[in-house]
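Residues per chain, in single letters:
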Amino acid sequence: MTQNLVTVVLNKGKEQSLKRFHPWVFSGAIKKITAEVNEGDLVRVVSNSNEFLGIGHYQIGSIAVRILTFKDEVINRDFWKSRLQEAIQLRASLGLLNNTHTNVFRLVHGEGDGMPGLIVDFYNGTAVYQAHSVGMYHQRNELSEILKELLGEQLKAVYDKSDKTLPYKADIEPVNGYLLGNSGATIVKEYDNAFHVDWVEGQKTGFFVDQRENRRLVKEFSKGRDVLNMFCYSGGFSFYAMQGDARMVHSVDASAKAIDLTRANVEINFPEDSRHQAYVADAFDFMRDIKDKYDLIILDPPAFAKHRNALHQALQAYKRLNAKAFEQIRPGGIVFTFSCSQVVSKEKFREAVFSGAAISGRKVRILHQLTQPADHPVNIYHPEGEYLKGLVLYVD
Ligand code: SAH
């Protein structure tokens, strides 16, 4: 049985990347579309010589089709069920399901789980559904029902938070809300550290799950150090540092809400611990004058470049920011520096940090090269999926 789908025909030669299983069709590669098509519809993609290439969700924009399968198969409830089952199985094999120490993790990571356009994070019984494509937005009710079927009692609620991630041109006005159940904010555990998570009010899906292993590494480097956690958001790096016996920890974020959240989180993990101070400040202002104040600095800025045309400016910002840290950190200091921009490659990021080091004139050595954790898998045919890059540096 085949589905009756509109066909997207590619220009000659444009089938190559799909033959290497890269899941995106760019609008410039399209020769014609055989009938009228709406955003979010399933389409069949063929080469100029009518060879079948894949089936995916259509969207207006630079990425015109996100391929769901390279097989000529029917996309129905069974298809989605098997994709979600594989995603759950992977997390189970990582020991993340029914884990008493960590109950927050990423359940679906877009292309990395064969579901381009979809992110689902799991927070102690609540799944937060975030559609980045119209197709995945249309799928939200069916997918949350299937998640419930597969996870049973482990899943209490599914909350859709797609209002900021859907392309605005799609002319849908998504309203966030529960697709299933109604759970309210909660406290989650990550390696036994407690975090308030509020998917209704918080940024992204409510919490940055992707820094779990890197936060743990900060703990290993913290003993006796004075720590600056710049761009702290919910304060995770701060209390891992405190757990690692840091001498003093300063958390800084431009958002007052983030600082409130950080204070609340530090308080539940380390009540009345005078080692911690939090400040609402702009990073570039705060770092103007921190000479010899810190010996561990964490820089985890927001995605400076969300689009390719902002790349140059973003690299300049990474360079300046890192230069500030290198110039002023105490001798023997450690810098944890990150980029979460998908359009900034590992190499470009490293060059920017390298330029920052050169400006400072300090001797800087790479101790660790960091990335996202295993519940954010990278589809090997889609290297863009490796979006989180980090370096741990030793400054003599
Ligand atoms: N390190 C965090 C995630 C950081 S997200 C964690 O482990 O969870 C990026 C944060 O940077 C956001 O909280 C945002 O409010 C903050 N931010 C954005 N621009 C900033 C600026 N110019 N100065 C300081 N903070 C900024």
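Residues numbered from 1 in each chain as written. Predicted model: local features only at pLDDT ≥ 70, side-chain atom pairs only at ≥ 80, totals over all residues. Heavy atoms only, no water.

- The name given to the protein chain in an unreviewed UniProt entry is SAM-dependent methyltransferase, with the source organism recorded as Mangrovibacterium marinum.
- Per UniProt, the comment on the protein chain under Sequence similarities (unreviewed entry) is "Belongs to the methyltransferase superfamily. RlmI family."
- Recorded under Subcellular location (unreviewed entry), the UniProt text for the protein chain is reproduced unchanged: "Cytoplasm". (UniProt positions renumbered as here; feature names shortened; annotations may be inferred.)

## Structural notes on the pattern of salt bridges
Phase 1 of the analysis: Taken as a whole and judged by the stated rule, the model has 23 salt bridges.
Phase 2 of the analysis: The salt bridge partner of Arg216 is Glu213, with a shortest N-O separation of 3.9 Å. Remark: Glu213 and Arg216 occur in helix α5 (residues 212-221); sequence separation between them is three residues, near one turn of the helix.
Phase 3 of the analysis: Judged by relative accessible area, Arg216 falls into the partly exposed class, the value being 36%.
Phase 4 of the analysis: A salt bridge links Asp285 to Arg288; the shortest N-O distance between them is 2.9 Å.
Phase 5 of the analysis: By relative accessible area, Arg288 is classed as exposed at 58%.
Phase 6 of the analysis: If you follow the salt bridges from partner to partner, you end up with Arg77, Lys81, Glu145 and Glu149 in one network. (Salt bridge = Lys/Arg side-chain N within 4 Å of Asp/Glu carboxyl O. Helix = DSSP H or I, 4+ residues; strand = E, 2+ residues; numbered from the N terminus. Buried < 20%, exposed > 50% of the residue type's maximum accessible area, 1.4 Å probe, protein only.)

## Notes on a nonpolar patch on the surface
Phase 1 of the analysis: On the surface, Phe21, Ile380 and Tyr381 cluster together into a nonpolar patch covering about 340 Å² of accessible area.
Phase 2 of the analysis: Classification of Ile380 as exposed rests on a relative accessible area of 72%. (Patch = residues over 30% accessible without salt bridge, like charges linked within 9 Å, V, L, I, M, F, W, Y side chains within 5 Å. Areas by Shrake-Rupley, 256 points an atom, 1.4 Å probe, with all protein chains shown as cover.)

## What about the pairing of strand β9 (residues 126-131)?
Phase 1 of the analysis: With six of six residues buried, β9 is to be regarded as a mostly interior element.
Phase 2 of the analysis: Neither face of β9 is left uncovered, since the one carrying Thr126, Val128 and Gln130 and the one carrying Ala127, Tyr129 and Ala131 both have all their residues buried.
Phase 3 of the analysis: Alignment of strand β8 (residues 118-123) against β9, held across six bridges, turns out to be antiparallel. Along β9, the bridge assignment pairs Tyr123 with Thr126.
Phase 4 of the analysis: Hairpin connection between β8 and β9: a loop of two residues separates the two successive antiparallel strands, and Asn124 in this loop has a positive phi of roughly 40°.
Phase 5 of the analysis: Pairing of β9 with strand β10 (residues 157-160) involves four bridges; the strand directions are parallel. (Pairing = 2+ DSSP bridges.)

## Some thoughts on helix α7 (residues 256-269)
Phase 1 of the analysis: For α7, which comprises 14 residues, the first-to-last C-alpha distance of 20 Å matches the rise-based estimate of 20 Å (1.5 Å per residue) to within 8%.
Phase 2 of the analysis: Structurally, α7 contributes buried residues whose contacts are with β13 (193-197), α6 (236-243), β15 (248-253) and β16 (276-280).
Phase 3 of the analysis: If you check the start of α7, you find a side-chain oxygen 3.3 Å away from the backbone N of Lys257, and it comes from Ser255. (Expected span 1.5 Å × (residues − 1). Contact = heavy atoms within 4.5 Å. Polar contact = N/O pair within 3.5 Å; in protein donor to acceptor, adjacent residues only side chain to side chain.)

## Quick look at the UniProt feature "domain: PUA" (unreviewed entry) in the protein chain
Phase 1 of the analysis: Residues annotated in UniProt with the feature "domain: PUA" (unreviewed entry) correspond here to residues 6-89.
Phase 2 of the analysis: Overall, residues 6-89 shows 20% helix and 37% strand. The separation of its end C-alpha atoms is 33 Å.

## Structural notes on the layout of surface pockets
Phase 1 of the analysis: Here the second largest pocket defines a volume of roughly 370 Å³.
Phase 2 of the analysis: Lining the second largest pocket are 19 residues; nearest its centre among them are Leu68, Phe70, Arg83, Gly114 and Asn379.
Phase 3 of the analysis: Mapped by element, the contributors of at least two residues to the lining of the second largest pocket are β6 (63-69) and α2 (77-93).
Phase 4 of the analysis: Looking at which element gives the most residues to the lining of the second largest pocket, the answer is α2, with four residues.
Phase 5 of the analysis: Looking at the lining of the second largest pocket, its residues break down into eight nonpolar, five polar and six charged.
Phase 6 of the analysis: Here the lining of the second largest pocket spans two domains, and each of domain 1 (6-69) and domain 2 (77-191) adds at least three residues to it. (1 Å grid on protein atoms, 1.4 Å probe; cavity = no way out; pocket = protein on both sides within 12 Å on 5 of 7 lines; lining within 4 Å. Points joined across faces, edges and corners; volume = space filled by probe spheres on them. Nonpolar A, V, L, I, M, F, W, Y, C, P; charged D, E, K, R; others polar. Domains from an automatic or database assignment.)

## Examining the site of the ligand
Phase 1 of the analysis: By nearness alone, 16 residues border the ligand, and Arg215, Asp253, Asp282, Ala283 and Asp300 come closest of all.
Phase 2 of the analysis: Between a nitrogen atom of the ligand and a main-chain N or O atom of Ala254, the distance comes to 3.0 Å.
Phase 3 of the analysis: Between Asp300 and the ligand, the recorded distance is 2.6 Å, taken from a side-chain N or O atom to a nitrogen atom.
Phase 4 of the analysis: When the ligand is considered free in solution it has 580 Å² of accessible area, and contact with the protein chains removes 87% of it. (Near = heavy atom within 4 Å.)

## Observations regarding the sheet that holds strand β7 (residues 104-109)
Sheet strands pair via backbone hydrogen bonds, and the direction of the pair is either parallel or antiparallel.
Phase 1 of the analysis: With mixed pairing, five strands are arranged side by side in an open sheet as β7-β8-β9-β10-β11. Each edge of the open sheet is held by one strand with a lone partner, namely β7 and β11 (177-180). Between one strand axis and the next, the sheet turns through 25° on average, direction left out of account.
Phase 2 of the analysis: The pairing of β7 with β8 spans five bridges and is classified as antiparallel. Bridging from a neighbouring strand, Phe105 pairs with Phe122 of β8. (Axes fitted to C-alpha atoms, helices over the stretch in contact; angles between N-to-C directions.)

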